[in-house]
Every structure is written in structure tokens, then in C-alpha cells.
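Survey of secondary and tertiary structure
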Amino acid sequence: MEDPIQLKEEGNKYFQASDYEKAVQSYTQAIKLNKDKALQAVLYRNRAACFLKKEEYVKAASDASRAIDINASDIKALYRRSQALEKLGKLDQAFKDAQKCATIEPRNKNFQETLRRLGANIQEKLRIQFSTDMRVQKMFEILLDENSEKEKREKAANNLIVLGREEAGAERIFQNNGVSLLLQLIETKNAELILAAVRTLSGMCTGHKARATAILHYLGIDNICMWMSVDNEEISLAVCNLLQSITDCLLGQGKEEHHGKEEAVVLDTKKDLRMITMRLLDMLVSKNVSGQGRDRALNLLNKNIPRKDLKDHDNSRTTFVIDNGLKKILKVVGQIPEMPDCLPLTENTQLTASVLLNKLYDDLRCDPERDNYRVICEEYIKSKIDPQDMDKTLHAIQMVSGVLQGPFDLGNKLLGMKGIMEMMVALCGSEREIDQLVAVEALIHASTKLSRATFIISNGVTLLKEIYKKTKNEKIKIRALVGLCKLGSAGGTDYGLRQFAEGSTEKLAKQCRKWLCNTSIDARTRKWAVEGLAYLTFDADVKDDFVEDEPALQAMFELAKTSDKTILYSVASALVNCTNSYDTKELVPELVQLAKFSKQHVPEEHPKDKKDFVVKRVKRLLKAGVVSALACMVKADSAILTDQSKELIARVFLALCEDPKDRGTIVAQGGGKALIPLAVEGTEVGKIKASHALAKIAAISNPDMAFPGERVYEVVRPLVSLLNTERDGLQNYEALLGLTNFSGRSDKLRMKIIKERALPDIENYMFENHDQLRQAATECMCNLVVNKEVQERFVADGNDRLKLVVLLCGEDDEKVQVAAAGALAMLTAAQKKLCSKMTEVTTQWLEILQRLCLHDNMEVQHRGLVIAFNLISADKELAKKLVETELLEILTYIGKQEDDPKKQRIINVARDCLTKCMDYGLIKPLARA
């Protein structure tokens, strides 16, 4: 068993070395093992100090309180609790603790200063509180007075929104009957006042569970859903955001803040969450709800029902929705917009519902749960099949079509239900155009995988060709063509697995491009042309023709920017194909030979898929304005922008960033901004690709231009995520270049890099055998050592950081030497302790320093002489030690040289070294002739 006192000492060492995480671990272990009360108090207050440094103020206050419970006059614990409470905004409690400290040690200036500051802050808070109450009252008077000037009303509305976002302001509005007054604003039916009221309520709910619960009950979930159902996009979105803020609080997500006594009240949120879920499910099938409102309800369900992390075992929200609302979601996907009894829908509603079906299915944990889901679907679809009622049957086929766009495996099982495939084939041959439309779409969605496509090729192709030739309706014609495109692309990028005769795919693609450019056709039908191209662009001939057709590209980009988000995946897929940014398996020559020998099929690469063709295609896409289209796609606030779609967009961005010359254009058209959310959310592969693209931009761009304002700080985390042994060398290297660029800009950026815990990784890469990685890491460290916290890490005992930098100065690689010597020069200038420490870390230090001072590269030589000057300036004894070595001859030789503009700064530093030695009296000035 370890000794608590030893663990405490170990924690103290870690604390001094600024390694607060390990210090917390040591103190925690000691607390568990310790039985001595006095030591326990010390351990708690020490751990409180760590939490203060880590900015975890609730934990700091809690630990300090435990120490005070053991010893009420523990002055350090009292002061640490005072600091933590001040940061948490509990000024009156912080003041009481500071007062106790000042009573115990009345002469301590630090305590007196803290008391003065807290007193002034409390007075200011009371003044603001009083003036806030007056302002809130005045704002409501202006807003509720119909005779107020329009300008005054707008100003009051905006001020109210801002106030609602601040904790103090939100509390004042809440305490002064504000919710009732906001409800009055909503009931005015004035769109601007409704927006102001809803946005204020949204701010008030953010991060405050008790207040959010009270507002939910006061407004009533029925009212909130009714407001969200209105056919006004802005109001519908604002109410959706309000409900999201309330849900975040009830789920314990979002901006967490601590509000004193509120934490002691246990709020049972499950009942409220179920009530919200049931109302949202009811909205899905209500005829009184607008298409916008239905989309909002689906987006809220998509966002809040499935688990965020599959490691969390509780999927009760999903099973609740399946049991109580799966049929309602199926009803939405089964709607046919061309029929008179259709619910109000937008172009996005049904695909959003399919995405929800998929997320719910993926969130199930076991086979019995999946079987239950399947049985509900099968029974509901069976209930809709009626050979006597064709309209009812159409809804059943549309439902299968919707499921195929969601959980495809389940959709495949539903296709196997008795009569479904037969019904689809029969509908294709129907005289009614609506029957053909639904059946063709279902066939398209059914033929997604190679195995399924091979089955349909024998039946479906003939059918689709027949429809394509016979129909006069463009809508059906284009869908039939997409079906043929999809079946034709079943071989993927494999040149040897073409399903159709030579030239057929190019003809199909040409027809798709023609429809795409035809603006007289409705957007929903033109969207299918993009869908067709998404399949056909697996063929390299089609890719090449497509990127050469600028009007077709422009037409696709324009469609991608519209409110119809169902096109996102198709556009992204087509672009991934055109840029060849999909994953390709490397063919091992030996295995290829073996496959040929055993007469197995070997995938073939198309000649136009070689690198120079891909580069040309990328240039054409950039010229056509692909970046602004991608940036617009990323902004889509819809569940349709799935993680898979985000990954495809990230792949395209990475391909576009390949040539450094194009990166400026990408930044100018909004690519830098668009990549940040892609690097933070999505699939693991997507996040890596987006982070890599950001690294490519960060490595060579001016950060102030590429990521203006606060945005640059958001880029640091994605770059740090690439400093990982699981990432490849190029990703590591470009991330290091980006961080080097950032760390040279400001201390705030250096602090952000340190906060993201990048230092240990950067140090690891300084040990790398790979020259370029070692050089990039050393250059990054050279910029980081300007920061005080980094310098303290070098000063701390028990590490080899300084030794590594000194040894890197002796490397043969000149670039590594420049960076390492620069880091050492800055460290020895900033910290005198490091000057003497440098002479102790390795016996080679003097030889390395002399080599630096005699280096052929003037940059390295100058840095070596600066290090020598820092050592001499730091300490007379150290200077004496240096004078007794050959370094004096080197300094004298350089200092005696005649002035030379090219070498002047080197000569000047050598002379400064000699002057310092003369000041110490270690050498005498040269006698003048």
C-alpha cells in the first residue's frame, strides 16, 4: 500500500511542474488511503488549488469546504474557496470567506485587496440589478404600448433579447413577472414582437434547468407546439430553438451553469421529456401543422431521441418513440404529395422522416428490439395493402420506399414481404401516372446494393426501359432514367464490371445533364438528374464530360443552395466521384497475379482515374465555384445533413486543398469557415479529413486572414487531434506546420494550444526519427517557448525537456538546428535558472554551443552567440567557466572582425559577450596600438 504522505509530496511536485491532472490523481489516491484528519484537510485544500488552476471552480469550492469542515480556521482553504466562489459569481459568499481570512491575518495585504475588490463588485452588482429591474419594466411598457414608435419598439425588443441571454438579466425578467408579459407579446400576433419574445425566452432557458422547467409549464407544451406549427419560417425556427433550449436543460446538456440552491432541488425531468416527445409525435400526423412545423418536429426528434454516445446503455427514449410513434413517422414517409389527402409537407419532410427511422433503428441494442421495430413496420404496411383500393396500396409502397432511404437492411426485409415486389412491378405497368411515379421511385431505392441490383437487373431494367420509352411525362421519364443509371453503376469504380454496353453510361449522363440545365422543369424533378449523375460519375468518362460542362455544374451548385436539402447527399456523392476522394484499396501485385491465375475478377482502374486527370477535374470544379456551394451545404440546419453527408463534403474539401496554390481561393470563398463544423461533428473519418484540410490551410495561410476573429481558436482542437500515432505522417506533419504558424501569432493562441494538451505530443514528435516531423515539432516548440507556462515546464525538476533541445542543437539537420537553437536562445533569455541547468543536462553542452557559434549558417551562428551571451549574463561563475574554455577564442575571433553589414548582428553579439566578461573583470581590454 502506498504512503499518503509520499503521495502528497508527489502531488506537490506535479503541481509545481504545472501538471495539475497528475497532481489531482496523487491527492485523490492519498485522500482514499489517509486516516489522519489534519493531513486530510491539507490534501483537500491542495486538490482545491489544482481545481482552481484547471478552472473547475465547483470542485475547487467543494474541496475547500471539506478542508474547512475539518479545520474551520484553515486560512488557505478559506481563501481558495473565496476565489472559487468569486469565479462562480457568488460574490456575497466569497466576501464572507475573504472577511474570515482578513480577521485571522489582519495585516495580509492580499486579503485586504480581495475584500476591497469583492466589496466594489457587490456594490456594482446591486446597482446593475436595480437599474436592470427599471430597464426591464421600461422595455415591456414600450413593447406593450401600441402607440410606441416603431424604432423604439425594435430597440426595446433587441435589448430584451440581449438581456435574456445574460444570467443576471434573465433572472430579473423572470422575477419581475416577465414570462407573463412575454406571453402577452406572443399573443399580439405581431411577427416582430413574437420573435423578440420567443428569443428572449430561449435565452432565459439556456443553462438553467429550474427556470426552463417553470417556463415550459407556464407556457404549456401545447402552446409551444402550436406556435411552432405556424407557416412562418422565422417564428417556427425561433420556437424550435426555444424547445431545444428547454430540452437541453431537461437532458442536462448544453451550457451548464451552477445556480446555488437550485442544485439542491431534484427536478424529475422524465415526465416533462415524455410529454414533449408525445406532442412532437402528434404534430407529425396533424393536418393543422404546416410543412415547416412538421420539419421542426422531425429535426427535434432526430436531435434529442437517439443516444449521442452508444456507450450509454439507456436507449429508453428511442424505445418509447418506437412504441408510441413509429406508425406516425411511417405515415409521414408514406405520404404522396401529388394526392389530395396529403399532409402539408416541404421538400425536406419525408427524407428527414427517413433519417429519423434510420437513427432510431441504429440506436437499438439487441435483436428483440429490432424484431419489434420490424413487426410494427410490417403490420402497419400490411394494413395499408388493399387490392381493391389502389390509393391505399400506393401509400404502402411509398412507405417501403421511405424505409429503404432509412434503415436499408430493414427496407430489404420489407421488400421480401408477400406481394410487395409484385405490386411494384404491377404499378410500373399501370396506366395511371401517379402509380408509375411511386413504383419507379420505389424500384430506384430498392436497387442500392450490388446483390439487390443484380436481382433487379433481370426484371427491372426491361421494365424501366419500357416506361422510359412509352411515357410522355418528364417526371416519370427522368426517374426511370435514374433507375437505369443506378443499375448501370452497380460495378462502382471498377472499369471491368460495367453493367451496360460501351457508351451507354455516357449517353445516360448526357441526358441527365440536359435535364439538369433545363430550368423549365420543376426543381424536384431536376434533383433526380443529380441523383442519376451521382451514380454515373463512378465512370471516369462521365466525370470528365461532367466537369467540362460548366452550365451543368453551375445548375447543380444552384440546386445545392436552395431550401431543398434532399439533394445534399447526391451532390456530395457526385463531387466525391469527380475528385476521386473515395477510399481505394491498394492492390498488392502478388495477390493480383494470384487472382488472375485462379481466374478471379481483379478490379481495373480507368485510364482517366489517374492523378493528372483528377488534378484537372479539381481545377475545373474550383473555377465553377464548388467551394461556395459546399459552404452553403454545410450551413443546412437539418437532420438531412447526416454524418455521412458531412464526411463526403469533408472528403471533397480535402481533395480541393491538395494544391497549395488553390488554398487562398478556398479560404476566400468561405472554405475555411465551412471546414470547422465538419472537423468537430460527424463520422470519425469525416472529422479527420476535415481536420487535415484545415491543417493544409493553416500551414501556409495567414491565420488572421484564413480564420478571422475568434474563429482561429476553434481550429486549434482539430489540428491537435491530428497529433496522434494513429494518424499518418503527412497528417502529423501538416498539423505541426499549422500549429507552428498559429503559435507564432499571439500568446492567446499559444495558451489555447497548451490548453488543448498539445505539448506532450509536440515533444514526442521532437524525438521522431523522421527528419521532417522532428523539424516541424522543433519549430513549433521554438514558437511556444515564448509562453511563460511552457518556460516553467522546462524549469521544473525531473524532466528531460531542456536536454532534448540542447541535443537537437547538435543535430546535422540544419533546419532542426535553427529551430532548436532559437528555442534555447529564448529559454535562456527568459529564465536564468535554465542557463545553469543547461550546463548540467548533458556533458556535450559546451561542444554543441561551440559548434553553434562557429556554424556556416549565419542564422544558426547568431542564435548560438545569443545563447552564449545569455549564459554569460546570467551568472559570473558561469561566465568564468566559459571564459576558461575555447569559447573565449571563438568570441574574440568573431568580435575582432571588421564591421560587415551582412554579419553585423553576429559581430555585435560576440562583442557584447566580451564586454560583459570585461565588466565582470574576467578579461582585460586589448591594448590599443
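Residues numbered from 1 in each chain as written. Predicted model: local features only at pLDDT ≥ 70, side-chain atom pairs only at ≥ 80, totals over all residues. Heavy atoms only, no water.

**Some words on the overall build of the chain**
Helices and strands together make up the secondary structure of the chain, namely 52 helices and zero strands. Along the three orthogonal principal directions, the C-alpha set of the chain runs to about 115 × 75 × 65 Å. As presented, the chain carries roughly 44600 Å² of accessible surface, and 50% of it is formed by carbon and sulfur atoms. Charge centroids of the chain, computed over 136 positive and 132 negative side chains, lie 2 Å from each other. (Helix = DSSP H or I, 4+ residues; strand = E, 2+ residues; numbered from the N terminus. Areas by Shrake-Rupley, 256 points an atom, 1.4 Å probe, with all protein chains shown as cover. Lys, Arg positive; Asp, Glu negative; His and termini not counted. Charge placed at Lys NZ, Arg CZ, Asp CG, Glu CD.)

**What about the side chain of R80?**
Topologically, R80 is positioned in helix α5 (residues 75–87). An unpaired buried charge is present at R80: no salt bridge exists, and D74, the closest side chain of opposite charge, is 6.9 Å distant. There is a polar contact of 2.8 Å between the side chain of R80 and the backbone oxygen of R45. Setting aside chain neighbours within four positions, we find R80 in contact with R45, N46, A49 and L52. (Buried < 20%, exposed > 50% of the residue type's maximum accessible area, 1.4 Å probe, protein only. Salt bridge = Lys/Arg side-chain N within 4 Å of Asp/Glu carboxyl O. Polar contact = N/O pair within 3.5 Å; in protein donor to acceptor, adjacent residues only side chain to side chain. Contact = heavy atoms within 4.5 Å.)

**Examining the packing of aromatic side chains**
Counted according to the given criterion, the structure contains four aromatic pairs. Their ring planes at 50 degrees and their centres at 5.2 Å tell us that Y79 and F111 sit as a pair that is tilted. A residue pair is termed long-range when its members are at least 10 positions apart, and Y79 in helix α5 and F111 in helix α7 (residues 109–144) qualify at 32 residues. For the residue pair Y79 and F111, the accessibility class agrees, reading buried in each case. Across the ring face of F613, the terminal group of K616 is positioned such that the distance to the ring centre comes to 5.7 Å. (Phe/Tyr/Trp six-rings, centres within 6.5 Å; stacked < 30°, edge-to-face > 60°. Lys NZ or Arg CZ within 6 Å of the ring centre and 35° of its normal.)

**Remarks on the packing of helix α13 (residues 221–228) against helix α15 (residues 270–284)**
Interaxial distance between α13 and α15 falls to 10 Å at its minimum, and their mutual angle equals 35 degrees. Crossing of α13 against α15: the hand is right-handed. Contacts from I221, D222, C225 and M228 in α13 reach M275, I276, R279, L280 and M283 in α15. Across the contact of α13 with α15, the residue classes break down as seven nonpolar, no polar and two charged. (Axes fitted to C-alpha atoms, helices over the stretch in contact; angles between N-to-C directions. Left-handed = near helix turned anticlockwise from the far one by under 90°. Nonpolar A, V, L, I, M, F, W, Y, C, P; charged D, E, K, R; others polar.)

**Structural notes on the pattern of salt bridges**
Using the criterion set out here, one finds 48 salt bridges in the structure. A salt bridge links R45 to D74; its shortest N-O distance comes to 3.1 Å. With R45 in helix α3 (residues 37–53) and D74 in the loop between α4 (57–70) and α5, the pair connects residues that are 29 residues apart, well separated along the chain. Taken individually, R45 and D74 each receive the classification buried, so the pair is uniform in this respect. Put simply, R620 and E548 hold a salt bridge, and the shortest N to O gap is 3.8 Å. Separated by 72 residues along the polypeptide, R620 in helix α32 (residues 611–624) and E548 in helix α28 (residues 540–548) bring together distant segments of the chain. Within the structure, one salt-bridge network assembled from shared partners comprises E21, K54, E56, K59 and R757.

**Structural notes on the packing of helix α1 (residues 4–16) against α3**
Look at α1 against α3: their axes get within 11 Å of each other, and the N-to-C directions meet at 20 degrees. Our classification of the angle between α1 and α3 gives roughly parallel. The handedness of the crossing between α1 and α3 comes out as left-handed. Side by side, α1 and α3 meet where P4, I5, K8, N12 and F15 of the first sit next to L39, V42, L43, N46, A49, C50 and K53 of the second. Tallied by class, residues from the contact of α1 with α3 come to eight nonpolar, two polar and two charged. (Parallel < 35°, antiparallel > 145°, perpendicular 65-115°, else oblique.)

**Comments concerning the environment of C917**
Within the element layout of this structure, C917 appears in helix α52 (residues 904–920). In this structure C917 touches I872, V883, L922 and I923, once residues within four positions along its chain are discounted.

**Concerning the confidence of the model for the chain**
Per-residue confidence for the chain averages 84 on the pLDDT scale, and 91% of its residues sit at or above 70. When pLDDT is averaged over each helix and strand of the chain, the minimum, 57, is found for helix α31 (residues 589–597) and the maximum, 93, for helix α17 (residues 316–333). A low-confidence stretch, residues 255–266 stays under pLDDT 50, and its non-local contacts, those more than four residues away or across chains, total 15 contacts. (pLDDT = per-residue confidence, 0-100.)

**Considerations on the side chain of S743**
Looking at the element boundaries, S743 is found in helix α40 (residues 729–743). A distance of 3.0 Å separates a polar side-chain atom of S743 from the backbone oxygen of T740. Those residues in contact with S743 that lie beyond four places of it in its chain are R750, I753, C780, N783 and L784.

**Regarding the nonpolar core**
Membership of the largest hydrophobic core comes to 260 residues, with the highest contact counts inside it found for Y373, L516, F653, L656, F707, F742 and I762. Once residues lying within four places of it in the same chain are set aside, the contact partners of F742 are A698, P703, F707, V712, V715, V716, L719, L749 and I753. Within the second largest apolar cluster, 34 residues are counted, among which are L43, Y57, A77 and L78. (Core = buried A, V, L, I, M, F, W, Y, C linked by side-chain atoms within 4.5 Å.)

**A word on the environment of V230**
Looking at the element boundaries, V230 is found in the loop between α13 and α14 (233–251). According to the relative accessible area criterion, V230 is partly exposed, its value standing at 31%. A C-alpha to C-alpha distance of 9.9 Å links V230 and R294, two positions 64 residues apart in sequence.

**Re the environment of A30**
Topologically, A30 is positioned in helix α2 (residues 20–33). Taking the C-alpha atoms as reference points, A30 and P4, separated by 26 residues in sequence, lie 4.4 Å from one another. Discounting chain neighbours no more than four positions away, the residues touching A30 are P4, L7, K8 and L43.

**A short note on unusual backbone geometry**
Non-glycine residue N580 carries a positive phi angle of around 55 degrees. Looking at the element boundaries, N580 is found in the loop between α30 (568–579) and α31. Positive phi, close to 60 degrees, is recorded for R757, a residue that is not glycine. Judged by its relative accessible area of 55%, R757 is exposed.

**Thoughts on helix α29 (residues 550–560)**
Those residues of α29 not exposed but buried are A552, L553, A555, M556, F557, L559 and A560. Check the buried side of α29 and you find it contacts α26 (504–517), α27 (523–536), α28, α30, α32 and α33 (626–634).

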